[in-house]
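Here is how the chains run, residue by residue.
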Amino acid sequence: MNPTFNLPHPNRRQMLAGLASFASFAAVGTGGTAFAQGAKYPSKAVTLVVPYSAGGGTDIVGRLMAQRLSELWGQSVVVDNRTGANGVIGSSTVARSAPDGHTLLLVVGSHAVNPVLMKSLPYDTDKAFTPITNIANSPSVLVVQANGPYKTLADLLAAARKEELGCGYSEGQTRLTGELIRQVGNLKLTGVPYKGGAPIMVDIIGGHLPMGVTSVLTALPHVRSGALRVVGVAADRRMPLFPDAMTFKEAGLNGVESLSWYGLFGPAGLPAPIVAQINQDLKKVAADPVVQKQMHDQGADITLTPPAEFRTFLASETKKWSLVAQRGGITAE
């Protein structure tokens, strides 16, 4: 229903006021946002919420993308690390934000797994966010202390069949990856939760934790420094970055595959033109050979999947890890 203007003797000022009122009404009536065709985005600083600790794989990807988008947009893109509850605290912040594209969320597999592991969430995962793109993928890896007792995946698996060993994880997917390894290998593993990948690395290096499941991006700096060793890769082939690290399939554990994916979201109701622009701008960023090399050197493959394809992938991930949780008797807490 269009508004009616009662202007018996309109002057220029009244006409402009009336048109402004109509524009405001139209914006509200088409999705609650004033973003219009041709409007400049972003019009102010953008906050990229990373709901995990600084130094982890998600933080590394987030800061690289933030730097490049800042340069492209001419606006600051600030990484905000809001840790806690396997990413839920930071995600909640974005779910409550205005759908104008100035608050975005970068998460990993926990986003699709949290509904499996948590009885209640402060948001509906499927409805509270707008999937934008899957920025990059890399396989999950199993890491140990470089100078510790386990030199190969075979050594570690043999030990874990004889005695109870702790396995660190930082979010839902890494927890379930460890559980999948336990199930397929018939191992004595106990999951040890952390708020981010970086603290896991610190405890393994310090000899306080035997092993941990993490992303390549989180592990790599410590592997290069000589402090950590990657012994297992949850992929169908070995990685050039870690040529000595076996795949789990090579070690006799078929079906242990787990991608660390880095997904970008906005709050629900994010206008399609903004989603499309962010996708196009990320493609411009990814086309830079320097960025490609940076991501490749970190063991990540740039994907930039379309929103619809990303949504389908999210559903498949939730289904896959739900089955792992059911088999392991892991119930929502």
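Residue numbers restart at each chain and count upward from 1, following the sequence in its written direction. Where totals are concerned, whole chains, interfaces and linings use all residues; where local detail is concerned, this predicted model gives features only for residues with pLDDT of at least 70, and gives and counts side-chain atom pairs only at 80 or more. Side-chain figures throughout are based on the complete set of non-hydrogen atoms in the structure, without hydrogens or water.

*Asks:* Tell me about the overall build of the protein, residues and numbers included.
*Replies:* Helix and strand content of the protein: 11 helices and 11 strands. Accessible area is worked out with a 1.4 Å probe on protein chains only. A residue is then buried under 20% of its type maximum, exposed over 50%, and partly exposed in between. Per-residue burial over the protein gives 50% buried out of 333 residues. Counting only contacts in the protein whose residues sit at least 6 apart along the sequence, the fraction spanning at least 24 positions is 79%. When the accessible surface of the protein is summed, it comes to about 15500 Å², and 54% of that surface belongs to carbon and sulfur atoms. Numbered from the N terminus, helices here are DSSP runs of H or I no shorter than four residues, and strands are runs of E no shorter than two. We call two residues contacting when some pair of their heavy atoms lies within 4.5 Å. Per-residue and other accessible areas follow the Shrake-Rupley method at a 1.4 Å probe size, with only the shown protein chains counted as cover for residues.

*Asks:* Quick rundown of the layout of surface pockets? Include the residues and the values.
*Replies:* Only protein atoms enter the 1 Å grid, on which a cavity is a set of points fitting a 1.4 Å probe that cannot get out and a pocket is an open set with protein on both sides within 12 Å along at least 5 of 7 lines, lining residues being those with an atom within 4 Å of a point. Grid points are joined across faces, edges and corners, and a volume is the space filled by probe spheres set on the points. Looking at the largest pocket, its volume works out to about 490 Å³. Along the walls of the largest pocket sit 21 residues, with Pro139, Ala235, Arg237, Met239 and Asp301 positioned nearest its centre. Broken down by element, the residue count for the lining of the largest pocket peaks at 3 residues, all from strand β4 (residues 129-145). Residues are sorted three ways: Asp, Glu, Lys and Arg are charged, Ala, Val, Leu, Ile, Met, Phe, Trp, Tyr, Cys and Pro are nonpolar, and all the rest, Gly among them, are polar. Taken together, the residues of the lining of the largest pocket break down into 8 nonpolar, 6 polar and 7 charged. Throughout the structure description, domain borders are defined by an automatic or database domain assignment. Residue-level mapping places the lining of the largest pocket at the junction of two domains, with at least three residues from each of domain 1 (46-137 + 260-328) and domain 2 (139-251). Considered as a void within the structure, the second largest pocket measures approximately 230 Å³ in volume. Along its surface, the second largest pocket is lined by 13 residues, and Thr125, Asp126, Leu314, Ala315 and Thr318 are the ones closest to its centre.

*Asks:* Give me empty space enclosed by the protein: which residues, what numbers.
*Replies:* Evaluated as defined, the whole model comprises 3 cavities of 30 Å³ or more. For the largest cavity, the calculated volume is near 180 Å³. If you go around the largest cavity, you meet 19 residues; those closest to its centre are Thr58, Val108, Ser170, Glu171 and Ser215. Secondary-structure elements contributing two or more residues to the lining of the largest cavity are α2 (57-73), α6 (172-185), β7 (211-215) and β10 (259-267). Two domains each put at least three residues into the lining of the largest cavity: domain 1 (46-137 + 260-328) and domain 2 (139-251). Roughly 80 Å³ of volume is contained in the second largest cavity. The wall of the second largest cavity is formed by 14 residues, among which Leu48, Met65, Leu69, Leu104 and Leu264 lie closest to the centre. Secondary-structure elements contributing two or more residues to the lining of the second largest cavity are β1 (46-50), α2 and β3 (103-107).

*Asks:* Quick rundown of the pattern of salt bridges? Include the residues and the values.
*Replies:* Just to be clear on terms, a salt bridge is a Lys or Arg side-chain nitrogen sitting within 4 Å of an Asp or Glu carboxyl oxygen. Applying the stated criterion to the full structure yields 9 salt bridges. Across the salt bridge formed by Asp288 and Arg68, the nearest N and O atoms sit 2.7 Å from each other. Separated by 220 residues along the polypeptide, Asp288 in the loop between α9 (272-286) and α10 (289-297) and Arg68 in helix α2 bring together distant segments of the chain. Classification of Asp288 by relative accessible area gives partly exposed; the value is 22%. A salt bridge links Arg175 to Glu333; its shortest N-O distance comes to 3.9 Å. Linking Arg175 in helix α6 with Glu333 in the segment after α11 (307-327), this pair joins segments that are 158 residues apart in sequence. Take Arg175: its relative accessible area is 22%, and that puts it in the partly exposed class. Here Glu333 falls in the exposed class, since its relative accessible area comes to 66%.

*Asks:* Help me get a handle on the packing of aromatic side chains, residues and values and all.
*Replies:* Put simply, two rings from Phe, Tyr or Trp (the six-membered ring, in Trp's case) pair if the centres are within 6.5 Å, and we call them stacked under 30 degrees between planes, edge-to-face over 60, tilted for the rest. Scanning all chains against the criterion turns up 6 aromatic pairs. Taken together, a centroid distance of 5.4 Å and an interplanar angle of 70 degrees make the contact between Tyr41 and Trp73 edge-to-face. With Tyr41 in the loop between α1 (12-29) and β1 and Trp73 in helix α2, this residue pair connects regions lying 32 residues apart in the sequence. We note that Tyr41, like Trp73, is buried. Their ring planes at 80 degrees and their centres at 5.9 Å tell us that Trp261 and Phe310 sit as a pair that is edge-to-face. A residue pair is termed long-range when its members are at least 10 positions apart, and Trp261 in strand β10 and Phe310 in helix α11 qualify at 49 residues. Per residue, the accessibility class of Trp261 equals that of Phe310, and both read buried.

*Asks:* Mind laying out the confidence of the model for the protein, listing which residues take part and the relevant values?
*Replies:* Reading fine detail from the predicted coordinates is not recommended where pLDDT is low. Values of pLDDT, the confidence the predictor places in each residue, fall between 0 and 100. Here the protein averages 88 in pLDDT, and 89% of its residues register 70 or above. In the model, residues 1-34 has pLDDT below 50 throughout and makes 16 contacts with residues more than four positions away in sequence or in other chains.

*Asks:* Talk me through the packing of α2 against α10; I want residue IDs and the actual numbers.
*Replies:* At a closest axis distance of 12 Å, the pairing of α2 and α10 adopts a crossing angle of 175 degrees. Relative to α10, the element α2 is oriented roughly antiparallel. Between α2, through Val61, Leu64, Met65 and Arg68, and α10, the contact on the second element is made entirely by Val290, Val291, Gln294 and Met295. Of the residues belonging to the contact of α2 with α10, the class tally is 6 nonpolar, 1 polar and 1 charged. Axis geometry follows a simple rule: fit a line to the C-alpha atoms, using only the stretch in contact for helices, then measure angles between N-to-C directions, giving values from 0 to 180 degrees. Oblique is the label for any angle not under 35 degrees, not over 145, and not in the 65 to 115 range, which are roughly parallel, roughly antiparallel and roughly perpendicular in turn.

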